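# Residue-level structure breakdown
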Amino acid sequence: MNKEKYLKLKKDFIVLYLARNGIMTFLITLLTFSLDLSNYYQISFPATIPYIFFNNIFTLMYFCLLWIFNYLLFELFKIINDWYDENHQQTLKFMYHEHNYSISWMMYVIMAILLVIIQIVQLPTLFHIDAYLMFGFMILRSLKQIYKNRL
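What this report covers is the structure whose coordinates are included nearby. No experiment lies behind these values; they were computed from the predicted model shown. (Residues numbered from 1 in each chain as written. Predicted model: local features only at pLDDT ≥ 70, side-chain atom pairs only at ≥ 80, totals over all residues. Heavy atoms only, no water.)

Once that is clear, we can look at unusual backbone geometry. Of note, Gln 42 is a non-glycine position whose phi angle comes to about 55 degrees, a positive value. Note that Gln 42 resides in the loop between α1 (2-41) and α2 (48-54). (Helix = DSSP H or I, 4+ residues; strand = E, 2+ residues; numbered from the N terminus.)

Nonpolar side chains collect at one region of the surface, where Trp 105, Val 109, Ile 110, Ile 113, Leu 114, Val 116, Ile 117, Ile 120, Val 121 and Leu 123 lie side by side and expose about 840 Å² of accessible area between them. Under the relative-accessibility criterion, Leu 123 is labelled partly exposed at 36%. (Patch = residues over 30% accessible without salt bridge, like charges linked within 9 Å, V, L, I, M, F, W, Y side chains within 5 Å. Areas by Shrake-Rupley, 256 points an atom, 1.4 Å probe, with all protein chains shown as cover. Salt bridge = Lys/Arg side-chain N within 4 Å of Asp/Glu carboxyl O. Buried < 20%, exposed > 50% of the residue type's maximum accessible area, 1.4 Å probe, protein only.)

Turning our attention to the packing of aromatic side chains. Inspection of every chain in the model, using the stated rule, returns 8 aromatic pairs. When the centroid spacing of 5.4 Å and the interplanar angle of 80 degrees are considered together, the rings of Phe 33 and Phe 63 count as edge-to-face. With Phe 33 in helix α1 and Phe 63 in helix α3 (residues 57-87), this residue pair connects regions lying 30 residues apart in the sequence. Judged by relative accessible area, Phe 33 falls into the buried class, the value being 4%. Considering the side-chain rings of Tyr 40 and Tyr 41, the 4.9 Å spacing of their centres and the 80 degrees angle between planes classify their relative orientation as edge-to-face. Among the residues examined, Tyr 41 registers a relative accessible area of 34% and is labelled partly exposed. Taken together, the ring pairs connect Phe 26, Phe 33, Phe 53, Tyr 62, Phe 63 and Trp 67 into an aromatic cluster. (Phe/Tyr/Trp six-rings, centres within 6.5 Å; stacked < 30°, edge-to-face > 60°.)

Turning next to the nonpolar core. Listed in full, the 12 residues of the largest apolar core are Ile 28, Phe 74, Phe 77, Tyr 84, Met 107, Met 111, Ile 118, Ala 131, Met 134, Phe 135, Phe 137 and Met 138. Contributing elements (two or more residues each) for this core: α3, α4 (105-120) and α5 (125-148). In this structure Met 138 touches Leu 73, Phe 74, Phe 77 and Met 111, once residues within four positions along its chain are discounted. If you look at the next biggest cluster of nonpolar residues, it comprises 7 residues, including Leu 30, Phe 33, Leu 37 and Leu 126. (Core = buried A, V, L, I, M, F, W, Y, C linked by side-chain atoms within 4.5 Å. Contact = heavy atoms within 4.5 Å.)

Put into structure tokens, the structure is as follows:
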């Protein structure tokens, strides 16, 4: 009986964990789209919400595709980062307040290089803002993992 409750609780936790990441990437996409549409249509930030969802089907589909891309990009980052942390390759280890921390510095170098490339390449403002927010979200997630995995 306890094992069944544990498995159900674990399944519910996984669903909530995936929903949390989906909601966060949705908010990032919504913020990015709202900023870009407010600049394009010269309207206020809150007035862009109806343009995203009710303007036409193509805007809504574009929004949904960007949201799915952001979510998949974040999940891919988590998988790569977790795999990289398990192999303990090229990590920086230090002690702070009697806790040992381990940072996979190579992931931050790769992210910095990607941000420089995104800055150099001529992309629409939508993708620049989206990339900055997604990388910020990814860095926050990796900092949470560093804190969680402290010894």
